[in-house]
Amino acid sequence: MNTTQHKAYGAKTKDANLEPMQIERREPGSDDVKIEILYCGICHSDIHQVRNDWKNSVYPVIPGHEIIGKVTNVGTNVSRFSEGDLVGVGCMVDSCQECDSCKKDLEQFCENGATFTYNSEDKHLGGHTYGGYSTGVTVNQDFVLKVPENLDAKATAPLLCAGITTWSPLSTWNVGKGDKVGVVGLGGLGHMGIKFANALGAYVVMITTSPSKAEDAKRLGAHEVLLSTDEDAMKSHTGTFDFILNTVPVGHDINPYINLLKIDATMVMVGAVEPLEAVNGAGLIMGRKRVAGSLIGGIKETQEMLDFCGEHNIVSDIEMVDMQEANSAFERVVNADVKYRFVIDMASLKN
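Just so it is clear, the structure is predicted and the values come from calculations on it, not from any experiment.

Draft legend 1. How the structure looks around the sheet that holds strand β14 (residues 261-269). Strand order in the open sheet formed by six strands is β12-β11-β10-β13-β14-β15, with parallel pairing between adjacent strands. Here the strands that pair on one side only, and so sit at the sheet edges, are β12 (224-227) and β15 (290-293). For this sheet, the mean inter-axis angle between neighbouring strands, taken without regard to orientation, is 25°. For strand β13 (residues 241-246) and β14, the ladder comprises five bridges, and the chain directions are parallel. What sits directly across from Phe241, in β14, is Leu261.

In structure tokens:
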């Protein structure tokens, strides 16, 4: 198989900084799209993988699964994309396409294992996949997304992870006009949850421990801010929420939020990929309430999210960095020192 060399940034061990590397990408097969990467978002998952926090990293790790780029070449069977198209690639680049999940457009739950954009088995070249901290990538056409031309391309990058992570539960649980929706946590995920819930017509309440975040939450589209540390305020909202999106990225006590739900209402967890504090069953039983989880979305749903963003002019709030600043950006993400997502300008990698 013919390959092309690309500049990239990656880590050789869990304790190493990101550094310049050279990687190989395949030339397009008949069903492939070759993409020049323009922008790539920095996701907290990138940091977890680089530092082997989830104990499944394979080195070298080339992170990045919020990719925006231009098509430079397509295979003979590709009809949906042409040279020059603005496209996106998210968290997956392949799946079996045959299992029940894939047939239901739920490739993220592929029963034979989705091929993630980095740190998955590379079915074409062997070894493992490399992500978007690089100058280019080649992806099967079924995992390439059309990006609305009216959107700011660089601010669209985080939609491929932070966007779909928050859109999918709002869509799955049919959040819409007249619903009272709580968004717990104002960060990379939370700020997108507010924007989407507002655009869907819900009454949006930002739930936070930080009074200082109130003004920004309202700028993003929250109608009200609820301080979870204010017992009286929390009590006044007891049993009033139709849906809660919990974006807190670490284990925490979710019982106070369960108390906010109406009968038969649901709180969906999208942030904490780790143990939560003990849940009191009474809070669920006395009201037939539900706590659920959600992981990104399939390709069809991701395209629906991008189209919705195009219609409503929704993008992420971002701060641009050069590739050479990625290590310091990682530290700032860990310290929650960004509003609200970093995006790498890949032109800096070509210099």
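Draft legend 2. Focus on the pairing of β14. Across four bridges, β14 lies against β15 in parallel orientation. By the bridge assignment, Val268 is partnered in β15 with Ala292.

Draft legend 3. Fine view of the packing of aromatic side chains. Scanning the model with the defined rule gives five aromatic pairs in all. For the ring pair Trp167 and Phe308, a centre distance of 4.6 Å and an interplane angle of 45° mean the geometry is tilted. With a gap of 141 residues between them, Trp167 in helix α4 (residues 162-172) and Phe308 in helix α10 (residues 299-312) connect regions that are remote in the sequence. One exposure class covers both Trp167 and Phe308, and it is buried. Linked through ring pairs, Trp167, Phe196 and Phe308 together constitute an aromatic cluster. Across from the ring centre of Phe81, 4.8 Å away, lies the NZ or CZ of Lys146, which sits over that ring.

Draft legend 4. Highlighting the nonpolar core. Ranked by size, the top nonpolar core spans 91 residues in total, and within it Ile42, Tyr133, Ile194 and Phe196 carry the most contacts. Not counting chain neighbours up to four residues away, the residues in contact with Ile194 comprise Val183, Leu186, Val204, Met206, Ala217, Leu220, Gly221 and Ala222. Counting residues in hydrophobic clusters, the runner-up holds 16 residues, among them Ile207, Met234, Ile258 and Leu261.

Definitions and limits used
- Residues numbered from 1 in each chain as written.
- Predicted model: local features only at pLDDT ≥ 70, side-chain atom pairs only at ≥ 80, totals over all residues.
- Heavy atoms only, no water.
- Pairing = 2+ DSSP bridges.
- Helix = DSSP H or I, 4+ residues; strand = E, 2+ residues; numbered from the N terminus.
- Axes fitted to C-alpha atoms, helices over the stretch in contact; angles between N-to-C directions.
- Phe/Tyr/Trp six-rings, centres within 6.5 Å; stacked < 30°, edge-to-face > 60°.
- Buried < 20%, exposed > 50% of the residue type's maximum accessible area, 1.4 Å probe, protein only.
- Lys NZ or Arg CZ within 6 Å of the ring centre and 35° of its normal.
- Core = buried A, V, L, I, M, F, W, Y, C linked by side-chain atoms within 4.5 Å.
- Contact = heavy atoms within 4.5 Å.

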